[in-house]
Amino acid sequence: MLAARIPTGARVLDLGCGSGAVGRHLAARGGAGPIDGLTISRQEANLAAPHYRRVEVANLESADLTALFAPASYDIIVCADVLEHIRHPEQVLAQCRTLLAEGGRALLSIPNAGYVGLLAELMAGEFRYRPEGLLDETHLRFFTRRTLLRMLTEARWAVDEVETVQRQLPDSEFNVAFDALPPPWRGTCWRCPMR
């Protein structure tokens, strides 16, 4: 979804690029501008490298992005499912502002802690971390739509649009027996995670 919002020829910085999914997508689409990435893992950087102009290996939590990348040199900065893994995402976003060219944009995807599966598990007395998903064991921050928008507003970012990914409960990592929940919560509408 995020890659589809990147204009042809845009100069892109992919923070938390992992093994390079965004770069691969842009290369397959054609017409990609230069794309740089940052990941915490040398192994992931090696996998991403064929699809990026350059990939830096650094911990986003402590990296000085303005020393690694030139100021005002990117049209788009992608943070795809990465800000929830760091203690101070607002500090990363402040550095992003310096790296964006005039008229540049940040594209973020963030899981929604207000997802009905998580809420139902909480009501059933469960809060179990998992190897991946909304309760990924490496998540340090949790956001609802409101708390995400508040953080962005306080960091002086203008939000153009919020789009949700529709994920039905049976397709999620949550296995909740809604019939076992207290009566007011049975049959509640499902909310969808933000990405």
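Predicted model only: the values in this text are computed from it and were never measured.

**A look at the pattern of salt bridges**
This model, assessed by the stated rule, comprises eight salt bridges. Linking Glu 163 and Arg 5 is a salt bridge whose minimum nitrogen-to-oxygen distance equals 2.4 Å. With Glu 163 in the segment after α6 (145-154) and Arg 5 in the segment before β1 (12-15), the pair connects residues that are 158 residues apart, well separated along the chain. Residue classification places Glu 163 among the partly exposed residues on the basis of a relative accessible area of 34%. Residue Arg 5 is classed as partly exposed on the basis of its relative accessible area, which comes to 31%. Salt bridges sharing common partners tie together Arg 5, Glu 161 and Glu 163.

**Describing the packing of aromatic side chains**
Evaluated as defined, the whole model comprises four aromatic pairs. Ring plane angle 70° and centroid distance 6.1 Å describe the contact between Phe 127 and Phe 142, whose orientation is recorded as edge-to-face. Of the two residues, Phe 127 sits in the loop between α5 (116-123) and α6 while Phe 142 sits in the loop between α5 and α6, which places them 15 residues apart along the sequence. On the basis of relative accessibility, which here comes to 38%, the residue Phe 127 falls in the partly exposed class. Members of the aromatic cluster, joined through ring pairs, are Phe 127, Tyr 129 and Phe 142. If you follow Arg 97 out to its NZ or CZ, it ends over the ring of Trp 157, 4.5 Å from the centre.

**A few points about the sheet that holds β1**
Overall, parallel pairing links the five strands, which are arranged β3-β2-β1-β4-β5 in an open sheet. Two strands in the sheet have a free side with no partner beyond their single neighbour: β3 (54-57) and β5 (100-109). Across the sheet, the mean angle separating the axes of adjacent strands is 15° when strand polarity is ignored. Inspection of the sheet shows strand β4 (residues 74-80) paired to β5 by six bridges, in the parallel sense. Note that in β5 the partner of Ile 77 across the bridge is Ala 106.

**Looking at unusual backbone geometry**
Positive phi, normally seen in glycine, also occurs at Ala 72, with a value near 55°. Overall, the relative accessible area of 42% leaves Ala 72 in the partly exposed class. One non-glycine residue, Arg 156, lies in the positive phi region at around 70°. Inspection of the secondary structure puts Arg 156 in the segment after α6. Accessibility expressed as a relative area gives 65% for Arg 156, which makes it exposed.

**Concerning the side chain of Asp 14**
By the secondary structure assignment, Asp 14 is in strand β1. For the buried residue Asp 14, which engages in no salt bridge, the nearest side chain bearing the opposite charge is Arg 24, 9.1 Å off. If we skip the residues at most four places from it in the chain, Asp 14 touches Val 22, Ile 35, Asp 36, Gly 37, Leu 38, Tyr 52 and Val 78.

**Let's talk about the confidence of the model for the protein**
Atomic detail in the predicted coordinates should be set aside for any region of low pLDDT. When pLDDT is averaged along the protein, the result is 88, and 90% of the positions lie at 70 or above. Between residues 187-195, whose pLDDT stays under 50, and residues either more than four places distant or in other chains, the model counts 35 contacts.

**So, a nonpolar patch on the surface**
The grouping of Leu 119, Leu 122, Phe 127, Tyr 129 and Phe 142 at the surface amounts to a nonpolar patch, some 420 Å² of accessible area in total. Inspection of the secondary structure puts Leu 119 in helix α5.

Definitions and limits used
Residues numbered from 1 in each chain as written. Predicted model: local features only at pLDDT ≥ 70, side-chain atom pairs only at ≥ 80, totals over all residues. Heavy atoms only, no water. Salt bridge = Lys/Arg side-chain N within 4 Å of Asp/Glu carboxyl O. Helix = DSSP H or I, 4+ residues; strand = E, 2+ residues; numbered from the N terminus. Buried < 20%, exposed > 50% of the residue type's maximum accessible area, 1.4 Å probe, protein only. Phe/Tyr/Trp six-rings, centres within 6.5 Å; stacked < 30°, edge-to-face > 60°. Lys NZ or Arg CZ within 6 Å of the ring centre and 35° of its normal. Pairing = 2+ DSSP bridges. Axes fitted to C-alpha atoms, helices over the stretch in contact; angles between N-to-C directions. Lys, Arg positive; Asp, Glu negative; His and termini not counted. Contact = heavy atoms within 4.5 Å. pLDDT = per-residue confidence, 0-100. Patch = residues over 30% accessible without salt bridge, like charges linked within 9 Å, V, L, I, M, F, W, Y side chains within 5 Å. Areas by Shrake-Rupley, 256 points an atom, 1.4 Å probe, with all protein chains shown as cover.

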